[in-house]
Amino acid sequence: MKLKRLMRIIIIGLGLLVTIAGTVSAVTAGDVKIIANKNVPASSISSDMLKEIFLGKKNTWDNGMSINYVTLDSGETHNDFLKTYLQKSDAQFNNYWKKQVFTGQGQMPKAFNSDKAMIDFVAGTNGAIGYVSSTADTGSVKTITVK
Amino acid sequence: MRKILIFIAAFMTIGFGSNALAVEADVLGGVSIHGFISQGFLMSHEYNYLSHNSRTGSFEYNEMGINFSKQVADKLRIGVQIFSRDLGNVANNKVTIDWAYADYKWQDWLGIRAGKLKMPVGIFNETRDIDMLRTCIVMPQSLYPELMRDVSIALNGVGLYGYVPIGPAGSLDYVGIVGSMGIDNESGVEKYMNSTLTGTPLAMNGDIDADTAITGRIKWNTPLSGLGLSANMLKFKAVMPLFYDTGNPLTSFSTAMEMDQMIYGIGVEYIWENLSLAGEYRISDVDSTLFGTTTNKKAENYYVMASYRFNDWFELGSYYSISYADKDDRYGDNVVETATRKDHSAWQKDLALSARFDINSNWIFKVEGHKVNGTSNVLAVDNTDRSEKDWYYGAAKLTFSF
């Protein structure tokens, strides 16, 4: 009987948490620019291909060069990119990669905490692809159009 | 005990020292290190479930693992995960190699792995030990029975895998593995099997010897974003040594049961924004031969599961899991009833409600409750009386990962 009462309390408590939590989330949309190293043999790619790349399913460019995909570690640009092109939340994206890591099927993509750090890495790494906010200075890298 | 203490100490040193270490592959010669440790608490009403002493509350419920991997060449990766778990009076934190393999990804559509490989039997089998990857604490026991984990967890062998786009129809992910199964009796298998043999003169009498097994899964990522459909299978033969106790040491004898088992199932997953849905259906078809007589039994198992993430720190989930020990006797008509065993031992229907709190990116706390009807997975060895049809259990778990 005590356990039943405890479960009732837990259920009521969860109901209250749902009410509180539902009022907290808010995401603002923004523009994202896809960038790549200048030697990447593509100036436009499909949204499906972009998704395949960032989920680790496609690992080579058409000319055989290895794809080196990198991410931002958080923020509005990161969330917008995930939602727009991967149809995932940050939590879902992290869970996806943790699944790969803890089953030995992949390694987490390298993550950066700023547009500048991302651009510097992409500019200096063969086959690299990433994303930054639309206002970032991307003169040292190639901008990729998503079809 | 000493081994496990060393393992935990090493884990603590690495894991709690810095979560940043998890991604600092560059400073470790390209070796990535990740780990997790989960400590749970089980409590049940009416029956001891999962843990032999859950009625009084049990902390004998944990998992921990640490993995090391390295991209040694453009297409070649190697890695190993060391794992340990405790579940009541089985497993007992024995340190094992969870997976260890070399992975050569020749093309996106074809890669090969060799070593100890996790079996793709179901949507969640490869990640069943990793608490932070899901909302619930206890996986649906219809498809992911904790005590029988070793029978479907990994093979020592080789596997092929790949990803194949199929144009407007979406894409396919596939994996197939052939190899040998290593079943450790102490992982829970012996306890489970002896429980099913309770009331007979038979008991297990040594390790199960499993033959070459083959397993695979194909998943269709449909054109509807977030919707995936999959099918999976596992086939193996095994010999289980038994002791037939006549009550007289002079006439008691050793024997063995041969088992030819085929498991096949289908699954569906759908992710839409913060909502995740999943469901699976499985048949376990086993031919058992003892004293020259072969009997066939098909167990039927399925579940539906839903979870919703409300924000960065809170997620709520629920599942309804059903198992029938014999799909041809769903209502227990053929169960021989006694004072302590009733027709409801033919099924088990488990309704779970789970809450997950992401304290930060490393720490997760969960709590969940279960309302259960039926006793097909309630073990006789832990419960002398299984006559009550409706019962409850709950769990809480704290997980650290890096």
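For the structure, see preceding data.
Residues numbered from 1 in each chain as written. Chains lettered and ligands numbered in written order. Predicted model: local features only at pLDDT ≥ 70, side-chain atom pairs only at ≥ 80, totals over all residues.

Looking at the sheet that holds strand β2 (residues 44–45) of chain A
All names here are of chain A.
Next up, step 1: Sheet architecture is open: 6 strands sit in the order β2-β6-β1-β5-β3-β4, paired in mixed fashion. Single-partner strands in this sheet number two, and they are β2 and β4 (110–112).
Next up, step 2: Inspection of the sheet shows strand β3 (residues 68–72) paired to β4 by 3 bridges, in the parallel sense. Across the sheet, the residue bridging to T71 is A111, located in β4.
Next up, step 3: Across the sheet, helix α5 (residues 115–123) lies against β1 (32–36), β3, β4 and β5 (128–133), angled at about 155° from β5, the strand it touches most. (Pairing = 2+ DSSP bridges. Helix = DSSP H or I, 4+ residues; strand = E, 2+ residues; numbered from the N terminus. Contact = placed C-beta atoms within 7 Å. Axes fitted to C-alpha atoms, helices over the stretch in contact; angles between N-to-C directions.)

A closer look at the interface of chain B and chain A
Next up, step 1: The partner chain A presents 29 residues to the 36 residues of chain B that form the contact.
Next up, step 2: Within the residue set of the side of chain B that touches chain A, elements represented by two or more residues are β1 (31–45), β2 (61–73), β3 (76–87), β4 (96–107), β15 (314–324), β16 (347–358), β17 (363–374) and β18 (390–401) of chain B.

Focus: the environment of F310 of chain B
All names here are of chain B.
Next up, step 1: Within the secondary structure layout, F310 lies in the loop between β14 (293–309) and β15.
Next up, step 2: F310 gets classed as partly exposed once you count the C-beta atoms within 10 Å, which come to 18.
Next up, step 3: With 264 residues separating them along the chain, F310 and E46 place their C-alpha atoms 34 Å apart. (Buried ≥ 20, exposed ≤ 12 C-beta atoms within 10 Å, placed from the backbone.)

Description of the environment of Q141 of chain B
All names here are of chain B.
Next up, step 1: Looking at the secondary structure, you find Q141 in the loop between β5 (110–118) and β6 (154–165).
Next up, step 2: Residues Q141 and N301 lie 160 residues apart in sequence; the distance between their C-alpha atoms is 8.9 Å.
Next up, step 3: The contact partners of Q141, leaving out residues within four places of it in the chain, are E146, S321, S323, D350 and N377.

Some words on the nonpolar core
Next up, step 1: Counting 58 residues, the largest nonpolar core has M119 and L155 of chain B as its most contacted members.
Next up, step 2: Looking at this core element by element, the count peaks at 4 residues for strand β11 (residues 227–244) of chain B.
Next up, step 3: When near neighbours in sequence (up to four residues on either side) are disregarded, M119 of chain B contacts N125, S152, I153, A154, L155, I177, T215 and L234 of chain B.
Next up, step 4: A36, I45 and W97 of chain A together with I364 of chain B belong to the second-largest nonpolar core, a separate cluster that totals 34 residues. (Core = buried A, V, L, I, M, F, W, Y, C linked by C-beta atoms within 7 Å.)

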